[in-house]
Amino acid sequence: MSEQPILLPYADPAFVANPFPFYRQLREEGPVRRAVIAGGLEAWLVTRYEDGLAALSDPRLSSDVHDASDPRLLQQLPATERESMLRTMLRADPPDHTRLRRLVSKAFTARRVAELRPRVQAITDGLLDAIVQQGHADLVADFALPLPVTVISELLGVPTTHRYDFQRWTDDMILRGPEPPDPAVVDGAWQQMRAYLTKLLEAKRANAEDDLLSALITARDEEQRLDEEELIAMAFLLLVAGYITTVNLIGGGIAALLAHPDQLQLLRDDPALLPDAIEEFLRYDGPVNPGIARFAREDVEIAGVRIPRGATVLVASALADRDPARFPDPDRLDITRRDNAHLAFGHGIHYCLGAPLARLEGQVAIGTALRRLPGLALAVPPDELRWRPGGLRGPERLPVTFTPSRPFPARPGGDGG
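Residues numbered from 1 in each chain as written. Predicted model: local features only at pLDDT ≥ 70, side-chain atom pairs only at ≥ 80, totals over all residues. Heavy atoms only, no water.

A. Region of the structure containing the overall build of the chain. Scanning the chain from terminus to terminus reveals 19 helices and 13 strands. Taken over C-alpha atoms, the radius of gyration comes to 21 Å for the chain, in line with the 22 Å a tight globule of 417 residues would show. Looking at the 417 residues of the chain, the share that counts as buried comes to 55%. Here the contacts in the chain between residues at least 6 apart in sequence split such that 73% fall between residues at least 24 apart. About 17,900 Å² of surface is accessible on the chain, with carbon and sulfur atoms providing 53% of the total. Side chains of the chain give 47 positive and 59 negative charges; the mean places of these two sets differ by 3 Å. (Helix = DSSP H or I, 4+ residues; strand = E, 2+ residues; numbered from the N terminus. Rg over C-alpha atoms; globule rule 2.2 N^0.38 Å. Buried < 20%, exposed > 50% of the residue type's maximum accessible area, 1.4 Å probe, protein only. Contact = heavy atoms within 4.5 Å. Areas by Shrake-Rupley, 256 points an atom, 1.4 Å probe, with all protein chains shown as cover. Lys, Arg positive; Asp, Glu negative; His and termini not counted. Charge placed at Lys NZ, Arg CZ, Asp CG, Glu CD.)

B. Summary view of helix 12 (residues 183-206). Taking 1.5 Å as the rise per residue, helix 12 with 24 residues should run 34 Å; its terminal C-alpha atoms sit 34 Å apart, in good agreement. Within helix 12, burial applies to Val186, Ala189, Trp190, Met193, Arg194, Tyr196, Leu197, Leu200, Leu201 and Lys204. (Expected span 1.5 Å × (residues − 1).)

C. Main features of the sheet that holds strand 11 (residues 377-378). Spatial ordering of the open sheet is given by 5-13-11, a layout of three strands whose pairing is antiparallel. Both outer strands of the open sheet, strand 5 (136-138) and strand 11, are each paired with one neighbouring strand and no more. In this structure, strand 11 lies alongside strand 13 (residues 399-401), joined through two bridges in antiparallel fashion. Among the inter-strand pairings, Leu378 is bridged to a residue of strand 13, identified as Val400. (Pairing = 2+ DSSP bridges.)

Shown next, in the form of structure tokens:
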């Protein structure tokens, strides 16, 4: 492919608000497209579903950034902590990936997640108790953000009082638009995050508790402990990944329903559709945008296109999940859709470990909000919603109105949140 790379127009508010017409054109023009993505980096976009599915299982495509030929990928990480940040299972290949994932996988099994449902429900009810009498709210700041932050913090054993710090540090480290991030800002955020996690892990080493971080400190896998850098990197990954996409799933899912009153009414009439609705929100407008990065270990051919060794390959799930060859009428939100094997959680060995927890939180949060916020509606015109640009997708704010009501009576034996 010899044409110049296409610039994804993150500076265009219309694209940020609704990138899907642009994505549809890219997919129709070819299965693999060179593009300039967030941070000014170049990548080869895999635009169609079957090609993306195959790419995510292709061992020639690595998750390790060290296999990338573009030095800017490493330069955009804080120089002093670069290797620490890359020592996570998200950026590891076997055998390291296998070892690291095994250490935490028991915490995210379907059975373990199901056991968390009462606590997730209690946190959800507590947050809504603080909202229902007002008649208005920002359902991102007041609901979609604190819910998953509280859940993952409790699971890991992290005090929830620092949740706004986590959000600020994470936002500073994430690519958000067409320009490269300020290295000083990224470095400062990581230093603060690392200092906090180091202190927290030291405290747990001295006084272990019944939480995942304490378990990781003493974990063995074939008599191999996590070393200190792996432990810090794992704590960072689980904390950030444990909430950031779920915030966007909850906020984006509610926004999608408010933009499609027929689907909102359908779900109100039949709450049993919630599991299918969550899958449809993930497919229709998922929290990762445009997709999942891999790096070519060698020259690779995808859909007849030769991709050179070292190139960044972006399996564009946001495009693939609207591929009409896989999903009938893909640009229509349909919460009754059944055959919905989307790529929002990835595929293969890196399939999202936290997917069961994200699904549970999405179901409980959205289902309870619809039940307890009658007359729910956007407080601003839809075109005034601001969406996160680049890398992750979801509304930055979700101002809504609803019919005020009284909070639930206090639940015996619990504080509700």
